[in-house]
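# A structural walkthrough
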Amino acid sequence: MDFALKIINGRVLDGSGKDATHCDIGINKGRITKMGELSAACAEKTIDVAGCIVCPGFIDAHSHSDTYLLIEPSAASKVYQGITTEICGNCGASAAPLNGGYKMPSDWLEKDYSHLGKTETRHTCAGVTEIPSTLPWSTVAEYRALYAEAQPAINAALLVGHNTLHAGIAGYEPRAATADEMAQMLHALEQALDEGAIGLSSGLAYPPGSAVPREEIIELAKTVAQHGGLYTTHMRSESTLLLESIDEAIDIAERSGARLQISHLKASGKKNWGKLEAALERIRKGSLNGSPIGSDRYPYTAGCTDLDIVLPQWATYGGRDAILARLRDPETRNTLRAKLFDNPADHWDNVMIGSTQFEEFKGKYLPEAAETLKMHPVDALLHLIDSDDLKTGGIFFSMSEENMWKVLAEPFVSIGSDGSMRAPWGPLSHDHPHPRAYGSHTKFLRAALDGKTVPLAEAIYKMTGLPAEQFNLKKRGLLKEGYAADILIFDPDAIKANTTYANPHQLSDGMRHVIVNGVHSLEDGTHTEHRSGQFLARQD
């Protein structure tokens, strides 16, 4: 046989941004081995995709699926969008390396990983003895081994989270790392990069990173640059101090020599919508002065994070137990309440409750929950985050639709969901995520097909070739001989994102075949039991 798999009669968009062509594709051993007219070639399996579009598998440029891929390897919410690779470890939080007293984000931490390995106390590269944990990994190498064992349906590359490093070694208090702690952090980062991490991410809106001086990030980013990695950032502000935060991100990149990716670019809050053009101009100018600056965005006007993000910064330090202690101290709670009351009366109308233990409040706006609880919205918010032990999800409607499409059309912006993968079955089916986890890429694709954003070839590039360039994913993101056979085949008439804010756990329509490393994850529109995802390690 000439090929293990042959794809014929498709309209091919190769991920470069060029116009479509008609050609066949031959695949062997997980690679594209031939493209062209292959009617005379023999194959173990041939799929005729007449009427469909063939393109590279989508790369989710901004994901938080790190640990979820180990417990729900079907990756259904992403596969049904045509996603074959995710960039994980964003916003300063990563699954590894785990040091000292670091605690993973609540949505990861509450899941059961006991089936993956044995519980043990570990000694980290930083020389710190960890608290015994049910987590069967600590280092990037161990996480990578578990990934190979679980073999999810899609590929993943991993950034190292700055908050993960800092909290594990220097703790959660609002301070810079000492010289000794900084040396430990640099050593831990270097080991992680040597074990396959592709760069460093920061979450400077979240503790402890929100209190860390710029110089700490610069020193870490220098190590990343020396290893050929990149620096991605959830900036200190995406609202009032948006422009200053962009300046800081560019300064970090210029002084460290690291390539820069600005995460989920937005101007949040109506009073800040007018800052977008100045923000874009800063990024364009920064790219002209140095290496190209990348960014990513999802096609929704609501963001999503923990509901306790609304607390004043001083109340967020010290870790979960310290925050809860403040919430449960009557005097401090009254201080917090007074501070939150400073917001305009209609401020809370744009806040929706996401995941919570209270089923009746999932997907409800905060004032609706407040009415049921017979409380003011501020008191309802404090009640929820207290009762949920800081595990309440918040969905914040704070962005302009016009600005969203403007950002998505920028040539340096790739598509990133900013969402963890889910499935409408199994352990990840019970929460209430933002619909971006199920619909970001299909929604953007539908918009391109309908002429509501950039042309289709450019839209495909933004989900394939561009993120592959931004994250230095070798031999991915294009349909090209010698490249990995990550291939998507979709029916342009059937593409549809079904997910909604009220009912998020709904798979997208229109994907006919999703092929990952030459293996069908989705065949004839149906999820298969075949999984061949790989951990994509940094390559020099």
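Before any of the text, the structure's been laid out above.
To start, this report covers the structure provided alongside it.

Turning to the overall build of the protein chain, a few remarks are in order. Helices and strands together make up the secondary structure of the protein chain, namely 17 helices and 22 strands. On C-alpha atoms alone, the protein chain measures out to a radius of gyration of 23 Å, which is about the 24 Å that the 2.2 N^0.38 rule sets for 540 residues. Principal-axis analysis of the C-alpha atoms places the extent of the protein chain at approximately 80 × 50 × 50 Å. The buried share of the protein chain, reckoned over its 540 residues, is 61%. Within the protein chain, residue pairs in contact and separated by at least 24 positions form 77% of the contacts whose partners lie at least 6 positions apart. Of the roughly 20100 Å² that the protein chain leaves accessible, carbon and sulfur atoms contribute 50%.

The next subject is the sheet that holds strand 3 (residues 21–22). Read from one edge of the open sheet, seven strands run 3-2-7-19-20-21-22, paired in mixed fashion. With partners counted over all chains shown, the strands left at the sheet margins are strand 3 and strand 22 (526–527), one partner each. When strand 20 (residues 511–516) meets strand 21 (residues 519–523), the two strands line up antiparallel, connected through four bridges. Across the sheet, the residue bridging to Val514 is Leu522, located in strand 21.

This paragraph deals with the packing of helix 5 (residues 162–170) against helix 6 (residues 179–194). The contact between helix 5 and helix 6 brings their axes to 10 Å, and the two run at 135°. Of the possible angle classes, the one that applies to helix 5 and helix 6 is oblique. The crossing of helix 5 and helix 6 is right-handed. Of the residues in helix 6, those in contact with His162, Leu165, His166, Ile169 and Ala170 of helix 5 are Glu181, Gln184, Met185, Ala188 and Leu189. Here the residues of the contact of helix 5 with helix 6 are counted per class, giving six nonpolar, three polar and one charged.

Moving on to empty space enclosed by the protein. Enumeration over the complete set of coordinates arrives at two cavities of 30 Å³ or more. Considering the residues around the largest cavity, the lining is formed by Pro56, Gly57, Ile59, Thr84, Thr85, Lys475, Arg476, Gly477, Leu478, Ala484 and Asp486. The calculated volume of the second largest cavity comes to roughly 30 Å³. Lys266, Ala267, Leu276, Arg297, Met399, Ser400, Asn403 and Met404 are the residues that line the second largest cavity. A breakdown of the residues in the lining of the second largest cavity according to their chemical character gives four nonpolar, two polar and two charged.

On to the packing of aromatic side chains, then. Overall, the coordinates contain nine aromatic pairs when judged by the stated rule. Here Trp137 and Tyr143 contribute two aromatic rings whose centre-to-centre distance is 6.2 Å and whose plane-to-plane angle is 65°, an arrangement assigned as edge-to-face. Given the relative accessible area of 1%, Tyr143 is considered buried. Relative to Tyr501, the ring of Tyr300 lies with its centre 6.2 Å away and its plane at 80°, an arrangement referred to as edge-to-face. Placement of Tyr300 in the loop between strand 14 (293–297) and strand 15 (302–306) and of Tyr501 in the loop between strand 19 (487–490) and strand 20 is noted, with a sequence separation of 201 residues between them. Given a relative accessible area of 6%, Tyr300 falls into the buried group.

What follows deals with the sheet that holds strand 1 (residues 3–8). Sheet architecture is open: four strands sit in the order 5-4-1-6, paired in mixed fashion. Edge positions in the open sheet fall to strand 5 (31–36) and strand 6 (43–48), since each of these has one partner strand only. With direction set aside, neighbouring strand axes in the sheet form an average angle of 20°. Of the strand pairs in this sheet, strand 1 and strand 4 (residues 24–28) are connected by three bridges, and their pairing is antiparallel.

One finds Phe58, Trp137, Tyr143, Leu445, Phe490 and Met511 to be the most contacted residues of the largest nonpolar core, which totals 104 residues. At seven residues, helix 8 (residues 242–256) tops the list of elements feeding residues into this core. In contact with Phe58, not counting residues within four places along its chain, are Gln81, Gly82, Ile83, Thr84, Thr85, His441, Leu445, Ile460, Met463, Thr464, Leu488 and Met511. Counting residues in each nonpolar core, the second largest holds 24 residues, with Ala315, Ile323, Leu327 and Val351 among its members.

Let us look at the packing of helix 6 against helix 7 (residues 214–226). Packing of helix 6 against helix 7 brings their axes to within 10 Å, and their N-to-C directions diverge by 30°. Relative to helix 7, the element helix 6 is oriented roughly parallel. By crossing handedness, the relation of helix 6 to helix 7 is classed as right-handed. Only Glu216, Glu219, Leu220, Thr223 and Val224 of helix 7 make contact with helix 6, whose side of the interface consists of Met182, Met185, Leu186, Leu189, Glu190 and Leu193. Residue composition of the contact of helix 6 with helix 7, by class: seven nonpolar, one polar and three charged.

The omega torsion of the bond from Ala96 to Pro97 falls at 0°, within 30 degrees of zero and hence cis. Within the secondary structure, Pro97 sits in the loop between strand 9 (83–88) and helix 3 (106–109). Across the junction of Pro207 and Pro208, the peptide omega takes the value 0°, indicating a cis bond. Along the chain, Pro208 falls in the loop between strand 11 (199–203) and helix 7. One non-glycine residue, Asp389, lies in the positive phi region at around 55°. Examined against the element boundaries, Asp389 turns out to sit in the loop between helix 13 (377–387) and strand 17 (393–397). Residue classification places Asp389 among the partly exposed positions, given a relative accessible area of 32%.

Locating Ala93 in the fold gives a position in the loop between strand 9 and helix 3. Residue class for Ala93 comes out buried when judged on its relative accessible area of 14%.

Taken together, the buried positions of helix 14 (residues 401–409) are occupied by Asn403, Met404, Val407 and Leu408. Down the axis of helix 14, the smallest arc covering the buried residues is 135°, so these residues share one side. Packed against the buried residues of helix 14 are helix 9 (276–289), strand 14, strand 18 (413–415), helix 15 (436–449) and helix 16 (456–463). Measuring from the backbone nitrogen of Glu402 back to the side-chain oxygen at the start of helix 14 gives 3.3 Å, which picks out Ser400 as the cap.

A few words now on the pattern of salt bridges. Applying the stated criterion to the full structure yields 26 salt bridges. Residue Glu248 pairs with Arg236 through a salt bridge whose shortest N-O separation is 2.8 Å. Highlighted residues: Glu248 in helix 8 and Arg236 in the loop between strand 12 (230–234) and helix 8, separated in sequence by 12 residues. With its nearest N and O atoms 3.0 Å apart, the salt bridge here joins Glu277 to Arg284. For Arg284, a relative accessible area of 25% gives the class partly exposed.

Parameters and conventions
Residues numbered from 1 in each chain as written. Predicted model: local features only at pLDDT ≥ 70, side-chain atom pairs only at ≥ 80, totals over all residues. Heavy atoms only, no water. Helix = DSSP H or I, 4+ residues; strand = E, 2+ residues; numbered from the N terminus. Rg over C-alpha atoms; globule rule 2.2 N^0.38 Å. Buried < 20%, exposed > 50% of the residue type's maximum accessible area, 1.4 Å probe, protein only. Contact = heavy atoms within 4.5 Å. Areas by Shrake-Rupley, 256 points an atom, 1.4 Å probe, with all protein chains shown as cover. Pairing = 2+ DSSP bridges. Axes fitted to C-alpha atoms, helices over the stretch in contact; angles between N-to-C directions. Parallel < 35°, antiparallel > 145°, perpendicular 65-115°, else oblique. Left-handed = near helix turned anticlockwise from the far one by under 90°. Nonpolar A, V, L, I, M, F, W, Y, C, P; charged D, E, K, R; others polar. 1 Å grid on protein atoms, 1.4 Å probe; cavity = no way out; pocket = protein on both sides within 12 Å on 5 of 7 lines; lining within 4 Å. Points joined across faces, edges and corners; volume = space filled by probe spheres on them. Phe/Tyr/Trp six-rings, centres within 6.5 Å; stacked < 30°, edge-to-face > 60°. Core = buried A, V, L, I, M, F, W, Y, C linked by side-chain atoms within 4.5 Å. Arc of directions from axis to C-beta. Polar contact = N/O pair within 3.5 Å; in protein donor to acceptor, adjacent residues only side chain to side chain. Salt bridge = Lys/Arg side-chain N within 4 Å of Asp/Glu carboxyl O.

These values are about where atoms sit, not about what they do.
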